[in-house]
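Overview (structure and organization)
Here's the letter readout for the chains.
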Amino acid sequence: MILMLVGYLARVGLDRADKVGSAAGMVLALTALFAPHLLPIRDSPVTGPDRAEHTGPAVASAGGNANTGLRSGGNGRPARVSDTGSATARGPGSRANTGIVRGVDPQR
C-alpha cells in the first residue's frame, strides 16, 4: 500500500504530490480534532460495583497512606469491600484504611 502511494505521488510530480499530501494531512488533522465531539459517547463497560477483595497488609509511616480497602471518587457507584488485609499507620499524619473512603481525598 505504501509502495502504491509512493508510486502515485512520484507519477504525478513533486508539486502535485506536495499539494495532495498537505490536503490529506489537513483532513486527517481536522478529523482527529473533531472526532471526539462528533462520535457518540458510550456508557462505561463496567457494570458491577467497585471492589476490593482479598488484599494483603499495608503499613504507612511519616505521613503516608496505607490502604487495603477502596478509594472512590464519590460518584455514587456501588462499592464492596471484603476480606481486606490489615492497614497500619505509624507516626504523625499517617493514615490507614481497610474499608471504603469516598469523596475527594487531599492526601491521595
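Residues numbered from 1 in each chain as written. Predicted model: local features only at pLDDT ≥ 70, side-chain atom pairs only at ≥ 80, totals over all residues. Heavy atoms only, no water.

Digging into a nonpolar patch on the surface
Spelled out, the test is: Distance thresholds for patches are 9 Å for like charges and 5 Å for nonpolar side chains (Val, Leu, Ile, Met, Phe, Trp, Tyr), applied to residues having over 30% relative accessible area and no salt bridge. Using a 1.4 Å probe, the Shrake-Rupley method yields the accessible areas, and only the shown protein chains count as cover for residues. By definition, a salt bridge exists where a carboxyl oxygen of Asp or Glu is found within 4 Å of a side-chain nitrogen of Lys or Arg. Note on conventions: DSSP H or I runs of at least 4 residues are helices, E runs of at least 2 residues are strands, and numbering of each starts at the N terminus. A simple rule labels every residue: compare its accessible area, found with a 1.4 Å probe on the protein chains alone, to the largest value its type can have, and call it buried under 20%, exposed over 50%, or partly exposed in between.
A cluster of nonpolar side chains, contributed by Met26, Leu30, Leu33, Phe34 and Leu38, occupies part of the molecular surface with about 550 Å² of accessible area. Relative to the helices and strands, phenylalanine 34 is located in helix H2 (residues 14–38). Judged by relative accessible area, which is 43%, phenylalanine 34 ranks as partly exposed.

Side note on the pattern of salt bridges
According to the stated counting rule, one finds one salt bridge in the structure shown. A salt bridge links lysine 19 to aspartate 15, with the nearest nitrogen and oxygen atoms 3.4 Å apart. Of the two residues, lysine 19 and aspartate 15 are both situated in helix H2; the distance of four residues between them amounts to about one turn of the helix. Judged by relative accessible area, which is 52%, lysine 19 ranks as exposed. The exposure class assigned to aspartate 15 is exposed, which follows from its relative accessible area of 53%.

Quick notes on the confidence of the model for the protein chain
Convention followed: Along the chain, pLDDT gives the predictor's confidence residue by residue, from 0 to 100.
On average, residues of the protein chain score 78 in pLDDT, and 87% of them reach the 70 mark or higher. Here strand S4 (residues 70–72) stands out as the element of the protein chain with the lowest mean pLDDT, 74, in contrast to H2, whose mean of 86 is the highest.

Re the pairing of strand S2 (residues 58–61)
To keep things clear, this is the line we draw: Note on pairing: two strands pair once DSSP finds at least 2 bridges between them.
Burial along S2 is one-sided: the residues Ala58 and Ala60 are buried and none of Val59 and Ser61 is. Direction of pairing for S2 relative to strand S6 (residues 87–90): parallel, over a ladder of four bridges. The partner of alanine 60 across the bridge, within S6, is alanine 89.

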